Amino acid sequence: MKEIQMYCPNCGQRVTGYTEGKVFRKTCPKCKAAIFSVANEGKKREIKIKVTKQG
C-alpha cells in the first residue's frame, strides 16, 4: 500500500489515504465528497468525484 496525498477538487482540503492496488478511495472530511482515483499506465491518474448533499 502506498500513501497518497491530494487536494479535494471540490473544496481544496488536503486528503491523505492509502491505495488498494491501483485504486485510491477516500471521502473528504470537510465537504464529504467521495474521491475515487485510478492509476492509469504511466504516471497519470484519473479522478472521479461524487458530491452528495447531506442534511
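A. Looking closely at the overall build of the protein. Within the protein one finds 0 helices and 5 strands. Expressed as a percentage of the 55 residues in the protein, the buried residues total 24%. Contacts in the protein between residues at least 24 apart in sequence constitute 11% of all its contacts with a sequence separation of at least 6. Put simply, the protein shows about 4400 Å² of open surface, and 49% of that area lies on carbon and sulfur atoms.

B. Representation of the sheet that holds strand S5 (residues 45-51) in the model. Taken in spatial order, the 5 strands of this open sheet run S1-S2-S3-S4-S5, and their pairing is antiparallel. In this open sheet, the two strands that pair with only one neighbour each are strand S1 (3-7) and S5. If you compare each strand with its neighbour and ignore which way they point, the axes differ by 25° on average. Relative to strand S3 (residues 23-27), strand S2 (residues 14-20) runs antiparallel, the two being bridged by 2 bridges. In the strand pairing of S3, Glu20 is matched with Val23.

C. Layout of unusual backbone geometry. If you check the backbone angles, Lys32 has positive phi at about 65° while not being a glycine. Looking at where Lys32 falls in the secondary structure, it is placed in the loop between S3 and strand S4 (33-39). A relative accessible area of 37% means that Lys32 is categorised as partly exposed.

D. Representation of the nonpolar core within the structure. Residues Ile4, Met6, Cys8, Val15, Phe24, Cys28, Cys31, Ala33 and Ile35 constitute the largest nonpolar core, which totals 9 residues. Broken down by secondary-structure element, the contributors of at least two residues to this core are S1 and S4. Discounting chain neighbours no more than four positions away, the residues touching Cys8 are Gln13, Val15, Cys28, Cys31, Ala33 and Ile35.

E. A look at the side chain of Ser37. Position of Ser37 among the secondary structure elements: in strand S4. For Ser37, a relative accessible area of 0% puts it in the buried group. When sequence neighbours within four positions are dropped, the list of residues in contact with Ser37 reads Met6, Lys22, Val23, Phe24, Arg45, Glu46 and Ile47.

The rules we used
Residues numbered from 1 in each chain as written. Predicted model: local features only at pLDDT ≥ 70, side-chain atom pairs only at ≥ 80, totals over all residues. Heavy atoms only, no water. Helix = DSSP H or I, 4+ residues; strand = E, 2+ residues; numbered from the N terminus. Buried < 20%, exposed > 50% of the residue type's maximum accessible area, 1.4 Å probe, protein only. Contact = heavy atoms within 4.5 Å. Areas by Shrake-Rupley, 256 points an atom, 1.4 Å probe, with all protein chains shown as cover. Pairing = 2+ DSSP bridges. Axes fitted to C-alpha atoms, helices over the stretch in contact; angles between N-to-C directions. Core = buried A, V, L, I, M, F, W, Y, C linked by side-chain atoms within 4.5 Å.

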